[in-house]
Amino acid sequence: MRRARITRSWLSGRLALLALLSGLSSGAQDPKPAVYPEYQVKAAYLTDLGRYVEKWSNRANPAPDEPFDLCVLGQDPFGAALDDAVRGEKIGGAPLEAKRISRPQDALGCRILFIGAMEESQLSAVIAVLGTAPVLTVADLPDFVKHGGMVQFVLDGNHVHFEINLAAAQRAGLKLSSELLKVARAVRRTP
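Residues numbered from 1 in each chain as written. Predicted model: local features only at pLDDT ≥ 70, side-chain atom pairs only at ≥ 80, totals over all residues. Heavy atoms only, no water.

Right, let's talk about the pairing of strand S5 (residues 112-115) for a bit. Residues of S5 alternate between two faces, with Ile112 and Phe114 on one and Leu113 and Ile115 on the opposite face, all of them buried. Relative to S5, strand S2 (residues 68-73) runs parallel, the two sharing four bridges. Its bridge partner being in S5, Leu73 is matched across the sheet by Ile115. Looking at chain direction, S5 and strand S6 (residues 136-139) are connected through three bridges and run parallel. Its bridge partner lying in S6, Phe114 is registered against Val138. At this point the chain moves from S5, through helix H4 (residues 123-130), to the parallel S6, and the crossover so formed is right-handed. (Buried < 20%, exposed > 50% of the residue type's maximum accessible area, 1.4 Å probe, protein only. Helix = DSSP H or I, 4+ residues; strand = E, 2+ residues; numbered from the N terminus. Pairing = 2+ DSSP bridges. Right-handed = clockwise from strand over helix to strand, strands pointing away.)

Structural data, given as structure tokens:
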């Protein structure tokens, strides 16, 4: 029970920080507003998402010397922000590593896959290639979760929120934490 409170507290604190990064100013001591580009915030979310997948199907957890791959398919909107966000981070003891890939087939070795905007016309094909592979798919494409994606970033003013397609995650054998589901803006439970 104590672990759940710690997790909830940590998640609440982390999400409060992300909310701060996604649109609030830095406070009264600094009269200039803090400037946090959208993709810095999304990169921070991406580095945390893997912590809230409780089960990755029948896929073994990576060994401590094996990277936990966070991949970007297609055009990379993050630039250095993603590399900065993963630097020194670990999930389950494995070092988090950002990779850029150009073919959907290369995503089968990834734990988390961000699908770039240039891939929107190919979305059905990308989802089909992944099939039921235990890869958490993420994008900021319109209606991504309605088309079989798992996590969709949504902008509301200057704030980044996310929606979850729980049915798609379950088809891939991923068990998402209830803590993550609680903070999602919307959760799709049916295909």
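Okay, back to it.
In total, this model carries six aromatic pairs according to the counting rule given. A ring pair is formed by Tyr39 and Phe78, whose centres lie 5.4 Å apart and whose planes are at 85 degrees; its orientation type is edge-to-face. Of the two residues, Tyr39 sits in helix H2 (residues 38-49) while Phe78 sits in the loop between S2 and helix H3 (80-86), which places them 39 residues apart along the sequence. Ring-pair connections join several aromatic residues into one group, and the members of that group are Tyr39, Tyr45, Phe78, Phe114, Phe153 and Phe162. Against the face of Tyr39 rests Lys42, its NZ or CZ located 4.5 Å from the ring centre. One Lys or Arg, Arg111, reaches over the ring of Trp56 and ends 5.4 Å from the middle of that ring. (Phe/Tyr/Trp six-rings, centres within 6.5 Å; stacked < 30°, edge-to-face > 60°. Lys NZ or Arg CZ within 6 Å of the ring centre and 35° of its normal.)

Attention shifts here to unusual backbone geometry. Even without being glycine, Asp143 reaches a positive phi, approximately 60 degrees. Summarising the element assignment, Asp143 is placed in the loop between S6 and strand S7 (151-156). Taking relative accessible area as the criterion, Asp143 reaches 36% and is therefore assigned partly exposed.

Now for the nonpolar core. Side chains of nonpolar character tend, in soluble globular proteins, to be buried together. Leu46, Leu82, Ile112, Leu136 and Val138 are the most contacted members of the largest nonpolar core, which has 39 residues in total. With five residues, the single largest contributor to this core is H2. Dropping the residues within four chain positions of it, Leu46 is found in contact with Leu70, Phe78, Leu82, Ile112, Phe114, Val138 and Phe153. Of all hydrophobic cores here, the second largest spans 15 residues; its members include Leu73, Cys110, Ala133 and Ala139. (Core = buried A, V, L, I, M, F, W, Y, C linked by side-chain atoms within 4.5 Å. Contact = heavy atoms within 4.5 Å.)

Time to look at the pattern of salt bridges. Throughout the structure, instances matching the rule amount to 13 salt bridges. Here Asp76 ties to Arg100 by a salt bridge, and the two come within 2.7 Å at their closest N and O atoms. Here Asp76 is found in the loop between S2 and H3, whereas its partner Arg100 is found in strand S4 (residues 94-101), with 24 residues between them in sequence. For Arg100, a relative accessible area of 34% translates into the label partly exposed. (Salt bridge = Lys/Arg side-chain N within 4 Å of Asp/Glu carboxyl O.)

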